[in-house]
Each structure stands twice: as structure tokens, then as C-alpha cells.
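Next come the chains, spelled out residue by residue.
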Amino acid sequence: MTVYFINESENTVIVELGNDKIKINNGKQIRVECETNQMRFNCYLDEKSAFKFMPLSKSVIIEYNFVLNSLYNLTFDNDECEVKFVPKQIKGNNLDCYKFIDLQISNGNINGMEFSVLDESSAKQQLIAAREKEIKLENKLKVIDILQSVCYVGIPGLIIFFGLWYYVDLKTALYVLIPLIIVATAIGLILKKVINRFNNKLDKYNSKFEKGTDKFVDFNSFFDKNYILSVLNNEKIIDTEKNQF
């Protein structure tokens, strides 16, 4: 049985067939002889997963772009068949995007398929490093937020204090400033507590909604085969030739 592998993408496709690793350049085809009418192989684009960061930041990821390794089991109906490799790119609901090789087969069928992130180990290391930087950034922002709050309350308070001290006396300035600080601090703490409760409820709601719709739990879900399959089944396909990683 003769099978023609045809690369319909603009990039190199790599096929792992048994112990052989075959590179097929864009627009090219190769001929493979098969002893039976069944074939099992992996195929993927010669690319790496890449992440898009927020401008001026190397910690806040705004798009997760993964390259998939596709495993296919095929059955052929004739002695001569064509298998075309067609790239597809599908977006999930969690800033994730998966690029993989889909098949178009003449005189044959796909009996089974499985998808996994091609460079899972290195992609996870990148995500962990980005998360560590994001935590550091969050801590810096908390300090800035505290300093900002101090400025909002402290600077007007100091202006009032020195004004009363200058025009009246120190005792009167202290009598006015101390209650003002206590009231402002109490109001600030109450508002912060209310906002935190609201944010916590919103996070819980969003978490339940996401888990109930697309199996997403945390960044490890990006590499879970069931989650990947659920994203691919949504078929939010975009043009891979116009949207390169």
C-alpha cells in the first residue's frame, strides 16, 4: 500500500513513523510504503510554544500559544492514498491558543487521535518563571498601593496639622489631626474589607463558571489532554497563515 504525505502548510512538518523521523518541507510530499491498511504516527509543526506578554512586562502573559503533537491512527480503503497535513489554530476561553496539524485523507478514515503539548517541559518552566516574576510584581504593586494610600491621607493631614500649628497652636493641631487620622484609617479599612469580599465572591463565581464550562482549573490544565481536546472540539479556528506565533 502506497501513502503520499503532503505538507499543505507554509512551515516544515515533522512526522514520526515507527523509528523514523521524517521532515516534510512546505508544499512538498513524500511517498511511504505501508504493509497493511492501517497506520499510526505522530506529526507536528517544526515550531515551539511561545507566550505573548503585556507591553513593557515579562511577567504578565496575555496569550498562551502552544504547539501540539498530534497522534493519529488511520485506516486506508485503497492501495493508494493521500494524507494532507493542514495546520489549524484554535483559541480557548483562557487566553490559550493551540496550533496543530489536522489531516485531510483520500480513501481512508481517522480511527483515533490524541493531542499533547509538544514542548511541555520547557513551556511549563517558562510559565513557572513568569509566575514568579508576576508574584514579585504584585508585591511591588502592594507597596506602591500602601504608599499611595499614605499620601492620600497623610499629605492632606500634614497640611492641616502644620496650618493649625502655625495659625493657632500645637495642642489644637494635635486635637484635630489625631481624630482625623483615626476616622480616615477606619474608613479605609472598612472599604478595603468590603472590596476584598466582593473580589473573593467574584473570583469564586468565575472559577465555578470556568470549571463548569471547559474543564479549566489552573495553568496545569493547559497541558491536560482532556482539556486540550475540549478546546479543540469548540472549533474556534483562526487563520494560521495570518496569525503566526
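One can find the structure itself at the top, above this paragraph.
Residues numbered from 1 in each chain as written. Predicted model: local features only at pLDDT ≥ 70, side-chain atom pairs only at ≥ 80, totals over all residues. Heavy atoms only, no water.

S.K.: Before we go on, may I ask you to explain the overall build of the protein in this structure?
M.R.: Looking only at helices and strands, the protein features three helices and 11 strands. Ordered by position from the N terminus, the helices and strands of the protein form the series β-β-β-β-β-β-β-β-β-β-α-α-α-β. Here the protein holds 245 residues, and the buried ones make up 33% of them. Long-range pairs, those at least 24 residues apart, make up 69% of the contacts in the protein with a sequence separation of at least 6. Working note: accessible area of the protein is about 15900 Å², and carbon and sulfur atoms make up 56% of it. (Helix = DSSP H or I, 4+ residues; strand = E, 2+ residues; numbered from the N terminus. Buried < 20%, exposed > 50% of the residue type's maximum accessible area, 1.4 Å probe, protein only. Contact = heavy atoms within 4.5 Å. Areas by Shrake-Rupley, 256 points an atom, 1.4 Å probe, with all protein chains shown as cover.)

S.K.: So what exactly am I meant to see when it comes to the state of the cysteines here?
M.R.: Each disulfide consists of a covalent bond between the sulfur atoms of two cysteine residues. A complete count under the given rule lists zero disulfides for this structure. The closest cysteine sulfur to the non-disulfide-bonded cysteine 34 is located on cysteine 81, 9.3 Å from its own sulfur. Overall, cysteine 34 belongs to the buried group, its relative accessible area being 11%. (Disulfide = S-S within 2.5 Å.)

S.K.: It is not clear to me how the packing of aromatic side chains should be interpreted in this structure. Could you clarify?
M.R.: How two aromatic rings sit relative to each other is set out by the distance from centre to centre and by the angle between their planes. Counted by the stated rule, this structure contains 14 aromatic pairs. An angle of 10 degrees between the planes, with centres 6.5 Å apart, marks the rings of tyrosine 64 and phenylalanine 66 as stacked. Through a chain of ring-to-ring contacts, the aromatic side chains of Phe51, Tyr64, Phe66, Tyr98, Phe222, Phe223 and Tyr227 assemble into a single cluster. Of note, lysine 124 hangs over the ring of phenylalanine 223, and the distance from its end group to the ring centre comes to 5.3 Å. (Phe/Tyr/Trp six-rings, centres within 6.5 Å; stacked < 30°, edge-to-face > 60°. Lys NZ or Arg CZ within 6 Å of the ring centre and 35° of its normal.)

S.K.: I tried to follow the pattern of salt bridges on my own but got confused; where do I start?
M.R.: For side chains of opposite charge, pairing can occur when their charged atoms come near one another. Enumeration over the complete set of coordinates arrives at seven salt bridges. Three or more residues joined by partner-sharing salt bridges are found here, namely Lys52, Glu63 and Lys91. (Salt bridge = Lys/Arg side-chain N within 4 Å of Asp/Glu carboxyl O.)

S.K.: It is not clear to me how a negative patch on the surface should be interpreted in this structure. Could you clarify?
M.R.: A contiguous patch of negative charge on the surface is contributed by Glu8, Asp79, Glu80 and Glu82. Along the chain, glutamate 8 turns up in the loop between strand 1 (2-7) and strand 2 (13-17). Its relative accessible area of 41% is what places glutamate 8 among the partly exposed residues. (Patch = residues over 30% accessible without salt bridge, like charges linked within 9 Å, V, L, I, M, F, W, Y side chains within 5 Å. Lys, Arg positive; Asp, Glu negative; His and termini not counted. Charge placed at Lys NZ, Arg CZ, Asp CG, Glu CD.)

S.K.: Help me understand unusual backbone geometry in this model?
M.R.: Phi at leucine 95 is positive, roughly 65 degrees, even though this residue is not glycine. Here leucine 95 is to be found in the loop between strand 8 (80-91) and strand 9 (96-106). Positive phi is not limited to glycine here, since asparagine 107 has a value of about 60 degrees. Structurally, asparagine 107 can be placed in the loop between strand 9 and strand 10 (108-117).

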